[in-house]
Amino acid sequence: MTEESGDAFQLIEKIDRVMAGKIHMESLCQDVFETLDDVNASRQAIEAVQSKISDEILARLFAIANSAYLGSLKHGKSYNFYDVVNRLGLSRTKTLIITLASYYQRRYDPDIETIFAKSYATSIMAQILASQAGFRDEAIKKAELSGLFLEIGKKTLILYKKIYADDKERIEMIVRRYCLPDYLKTVILARTVIMEENQISLAGIVRMAYDMVQSSFLKYHNRFVVKCQTPRPATDVTRTLEAIITERFKAVSLEKYLHIIRIPRIYEI
């Protein structure tokens, strides 16, 4: 094994330890997951688990819930945890808690922070592409959550290759180990853009977002660089893609990984 590949395996194993240890972190409690897994959870039950989540993670959840979301109107500020969960959805809230907890446990580790930034950027772009492709709200949420775990899933596949020979067997292990949704199996295993009869599949959308982010981070030294045309006159600048992406990065304090380049509107395509 070369020194470079050895370093790569160390990084993958570090990610695995962080992700697999999420249930045992001080910032998390099993009651939180049990409540968020219950589609019939009452307002009182959801509000009760707020005290079992760290203030740092709660602040980020409120910030994300109050940020501009593509395809939905802003309904004012969320002032309680139930409103946050109602706006984000149970699955999205749970996934964000897991991911944020994993990130904050190793936030001063540049490798982990970069992985999180890539995953978060992929999640945002998968959400945008799925929305613009006309997918329904539930599918858009799946694209967003898939983008959040795709980078980690692909790296962990490499780690588990030492233990399990078959891709399907490895992906089953990852889904069980990290308590991930079953639909992530298809997304993580996809190595190309997958087409359906008349449109790009949801897994294909996520793959496009992933490749877009990977290319930018590679070319621009771990930054997601986006060129945005100057808005037309009378445009609501709070609802532009530039504003949405910027606000989402700010919500989790990852602005340093985003670089927006404003370009003039020279021609229409």
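Reference entry: report on the structure contained in this document. Just so you know, these numbers come straight off a predicted model, no measurement behind them. (Residues numbered from 1 in each chain as written. Predicted model: local features only at pLDDT ≥ 70, side-chain atom pairs only at ≥ 80, totals over all residues. Heavy atoms only, no water.)

### A look at unusual backbone geometry
Line of reasoning, step 1. Positioned with a positive phi, asparagine 222 is a non-glycine residue whose angle comes to about 65 degrees.
Line of reasoning, step 2. Relative to the assigned elements, asparagine 222 resides in the loop between α11 (202-219) and β1 (224-229).
Line of reasoning, step 3. With a phi angle near 55 degrees, serine 253 is a residue other than glycine that sits in the positive phi range. (Helix = DSSP H or I, 4+ residues; strand = E, 2+ residues; numbered from the N terminus.)

### Things to note about the pattern of salt bridges
Line of reasoning, step 1. Inspection of the entire model under this criterion finds six salt bridges.
Line of reasoning, step 2. One salt bridge in this structure joins glutamate 144 and arginine 248, with 3.0 Å as the shortest N-O distance. Linking glutamate 144 in helix α8 (residues 137-160) with arginine 248 in helix α12 (residues 241-251), this pair joins segments that are 104 residues apart in sequence. Grouping residues by exposure puts glutamate 144 and arginine 248 together as buried.
Line of reasoning, step 3. When the shortest N-O distance is used, the salt bridge between arginine 207 and aspartate 211 registers 3.2 Å. Residue arginine 207 and its partner aspartate 211 are located together in helix α11, separated by four residues, close to a single helical turn. (Salt bridge = Lys/Arg side-chain N within 4 Å of Asp/Glu carboxyl O. Buried < 20%, exposed > 50% of the residue type's maximum accessible area, 1.4 Å probe, protein only.)

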